[in-house]
Amino acid sequence: MDHKKLETLLHDMTLREKIGQVFQISGQLLAEDSAAMGPMQEMGVTQEDVLLAGTVLGVFGAEKICKIQKEYMEHHPHHIPLIFMLDVINGYRTVYPIPLAQGASFLPELSGKCAQMAAREAAAAGLHVTFSPMTDLVRDARWGRVMESTGEDVYLNGQFAKAMTGGYQGEDLAGEETLGACVKHFAGYGAPDAGRDYNTVQLTERTFREYYLPAYQAAVDAGVALVMTSFNTVNDIPATVNKKLMREILRDEMGFDGVLISDFGAIGETVAHGLSSDRADAARRALEAGVDIDMMSGVYPEKLEQLIRGGKVSEDLLDEAVMRILELKNKLGLFENPFKGADPEKEKTVILCEEHRALAREAAERSFVLLKNDGAFLPLKKGEKVALIGPYVSRKQLLGGWSFLGDAEDTVTVEEAARKLAPEWEFIFAKGCPVLDPGTKLVGFGSCEENEDEDQDAMWKAACDAAREADKVVLFLGEHFLQTGEATSRGILELPQIQQKLLREITAINPDTAVVLFNGRPLDLRVVNENAKAILEAWMPGTEGGPALIRTLTGASEPSGRLPMSFPYCVGQVPVHYDEFPTGRPYHAPDENRFLSKYLDIPNQPLYPFGYGMGYTTFSVSEVDLDREEMTRGESVTAKVTVRNTGDRPGTDVIQLYLHDVAASVVRPVKQMKGYQRITLEPGEETEVAFEIREEMLRFYTADGTWDSEPGVFEVMIGESSATESKKSFLLR
Ligand code: GLC
């Protein structure tokens, strides 16, 4: 539909119709069994509000959506189509690894393919928009939503935000296999005080702009169709009613001209924040801030009519919001085809097809991070009798907390994969213990019921017997999926006590034990590190997690993931991140000087740093070589290293470039990743890895708030993780 017709349509709509467009309802109000979403508000929603709503959250399935769309448009005075939106976060029905695991792959292009797959399945199921990518920068493992992010690094998050947006949206938003993407949560939601979800965020303007905004900018530059507001305050004003943030920064500075949707109930919650004096005030402030859609707080349908008729808020603001929504519907092609890609027959053929399963398996394999491998314990060797023990050996829930669209029954477990893919291997299987400590109660998009009636003693004994009988043991341990994701902040980052007890007992019986971890956040792994000879981080690997793990453990696939987020020594270090400032009293172990920035009782360094990971072979990396010692603004420096595979099998490494601005008008991080290259080498093979360092890579928010570089010395570090210290310097003139 051309823009003139949209303007005519807007002009012809009544006030109530326009107010309907800016309200998103839960599918529960339209369909009996759509996904229950979030904390349901006490909705003062009328039947008319439902029949005039512009968008729907939480309905999925081609037949159901087509039925709702058809009936809704017949009733609507101007027959305007609905937009169907949902959280397709790491897959629709074919579930691939959680976003934090995707970040570990350092393969944004692979995530883009996964997003494309998710869009293919979700669009066939009738959906139009997904509330993804979530690209909040995260440094605090106490915050359960780190699992939804791609990690702590500004550069890496931007790469993934761009790739995921492109994967969902493709070349044509009106396509039958594309979804509108919605980047979230704008902005700074990943930095809550004390790691407690929904808590206050306190960031300096510079930190906010330099670390937290760039990845959202990458999504906007990639053409993301929607932005979602965040629950937190920014400069002590809730983001959802923060006019400066939403109009001056998001729209004017960052150039976003799409639809801004609130998070679930967030407009109404500005009353609880103590900002809006009441719901009418909240409605006014949100509309003035440019929030186009009220997701489920109900203040727009409840209050906007009286505010506009009473002259308290301009109808022009409503028209502006409605026009952006109509334009989104137009870009999605819904006026021409309100059913878009919905196709019950296609649902049956594309969902969980082998091509999709294969992609999910590859994404899982690329996400695994080998953290420890003493004596080349892994990969396992055929002929060894191996006991696979732990609550995750035959567990189907490997999907993560935001994949309620996935069905755990579709998952191929570790045990199923071992029996199917490696029948000639000698495996013994034993659960050992439940995931959770007795009496732990969790709530979320699914049940946390464990098989309470299992004979715990018999399980335990069988595990110990298996460990005794085996040459080697692999323990499969981890968090419960309801311990990570939204509203799952934790103050203690250890594995459940019952699992730690199993670990200690099994390794006492058989020290030749490796541990595979299933978790959605960095954990305190000291006990695991002390007792296991090898540690493989598997995150929440998705529908094909079992086969991906068996292929990796048997050497058919090599782990090449690198940590997208630091694993702290313990929770006392948190928030911990590699790109910290040096301070005036930097501590470099084992300096005995007392008056330095350090702890009395724990190290400063995380247990495992950002960018770290091993493979099944080893590499050497030469000193950094620079092709020049100084450059001017229009020039560049080429930094090189020579990398050699010094092991006896092919392998992949991720060579990372870090820069440090030694002295500037504001303090600068000890290092920042500015690029990386994955390289695969045969045994004995070596290659040169070169990075071009351009002036724009040296820019930051200077003391006077401009985005610029400053002349001075820059250190260049190139290595296999953020812990690399091999450096050379050049001068920017
Ligand atoms: C939730 C989350 C948000 C999600 C939305 C809709 O509260 O904060 O990430 O997209 O509601 O489910």
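Bear in mind the structure is a predicted one, so any value in this text is a computation, not a measurement.

1. A closer look at the sheet that holds strand β26 (residues 712-719)
Next, step 1: Here five strands make up an open sheet; going across it, the order is β19-β27-β26-β21-β22 and the pairing mixed. Edge positions in the open sheet fall to β19 (630-631) and β22 (672-681), since each of these has one partner strand only.
Next, step 2: Pairing of β26 with strand β27 (residues 727-732) involves six bridges; the strand directions are antiparallel. Looking at the pairing, Gly 712 lines up with Leu 732 of β27.

2. Here's the deal with the nonpolar core
A general feature of soluble globular proteins is that nonpolar side chains tend to end up buried together.
Next, step 1: Formed by 211 residues in total, the largest nonpolar core has its most connected members in Phe 186, Tyr 300, Leu 304, Leu 388, Ile 389 and Phe 476.
Next, step 2: Excluding anything up to four places from it in sequence, Leu 388 contacts Val 393, Val 414, Ala 418, Phe 427, Ile 428, Phe 429, Ala 430, Val 474, Phe 476 and Ile 550.

3. A word on helix α6 (residues 108-124)
Because each turn of an α-helix spans 3.6 residues, side chains separated by three or four positions in sequence point in the same direction.
Next, step 1: Helix length check: α6, at 17 residues, gives a terminal C-alpha distance of 24 Å against a target of 24 Å (1.5 Å per residue), a fit within 8%.
Next, step 2: Among the 17 residues that make up α6, 13 are buried, leaving the element largely enclosed by the rest of the structure.
Next, step 3: Looking one or two residues past α6, Gly 126 carries a phi angle of roughly 95°, positive in sign.

4. Describing the sheet that holds strand β1 (residues 23-26)
Next, step 1: Read across the open sheet, the eight strands follow the order β9-β6-β5-β4-β3-β2-β1-β10; overall the sheet is parallel. Looking at which strands have only one partner, the edges of the open sheet turn out to be β9 (259-261) and β10 (294-295).
Next, step 2: Pairing geometry for β1 and β10, over two bridges, is parallel. When the sheet's bridge partners are listed, Phe 23 is paired in β10 with Asp 294.

5. Things to note about the site of the ligand
Next, step 1: The immediate surroundings of the ligand are formed by 13 residues, with Asp 87, Arg 145, Lys 184, His 185 and Asp 263 found nearest.
Next, step 2: Taking Asp 87, its side chain carries an N or O atom lying 2.5 Å from an oxygen atom of the ligand.
Next, step 3: Taking His 185, its side chain carries an N or O atom lying 2.6 Å from an oxygen atom of the ligand.
Next, step 4: Taking 310 Å² as the accessible area of the ligand by itself, protein coverage stands at 99%.
Next, step 5: Counted by class, the shell around the ligand contains seven nonpolar, one polar and five charged residues.

6. Quick look at empty space enclosed by the protein
Next, step 1: What the rule picks out here adds up to six cavities of 30 Å³ or more.
Next, step 2: For the second largest cavity, the calculated volume is near 90 Å³.
Next, step 3: Taken together, Leu 659, His 660, Asp 661, Arg 668, Pro 669, Gln 672, Lys 674, Met 697, Leu 698, Arg 699, Phe 700 and Phe 714 make up the full set of residues lining the second largest cavity.
Next, step 4: Those elements giving two or more residues to the lining of the second largest cavity turn out to be β21 (651-661) and β22.
Next, step 5: Looking at the lining of the second largest cavity, the element that brings in the most residues is β21, giving three residues.
Next, step 6: Residue composition of the lining of the second largest cavity, by class: six nonpolar, two polar and four charged.

Cut-offs applied
- Residues numbered from 1 in each chain as written.
- Predicted model: local features only at pLDDT ≥ 70, side-chain atom pairs only at ≥ 80, totals over all residues.
- Heavy atoms only, no water.
- Pairing = 2+ DSSP bridges.
- Helix = DSSP H or I, 4+ residues; strand = E, 2+ residues; numbered from the N terminus.
- Core = buried A, V, L, I, M, F, W, Y, C linked by side-chain atoms within 4.5 Å.
- Buried < 20%, exposed > 50% of the residue type's maximum accessible area, 1.4 Å probe, protein only.
- Contact = heavy atoms within 4.5 Å.
- Expected span 1.5 Å × (residues − 1).
- Near = heavy atom within 4 Å.
- Polar contact = N/O pair within 3.5 Å; in protein donor to acceptor, adjacent residues only side chain to side chain.
- Areas by Shrake-Rupley, 256 points an atom, 1.4 Å probe, with all protein chains shown as cover.
- Nonpolar A, V, L, I, M, F, W, Y, C, P; charged D, E, K, R; others polar.
- 1 Å grid on protein atoms, 1.4 Å probe; cavity = no way out; pocket = protein on both sides within 12 Å on 5 of 7 lines; lining within 4 Å.
- Points joined across faces, edges and corners; volume = space filled by probe spheres on them.

Honestly, that's just the spatial picture; any functional story needs more than this.
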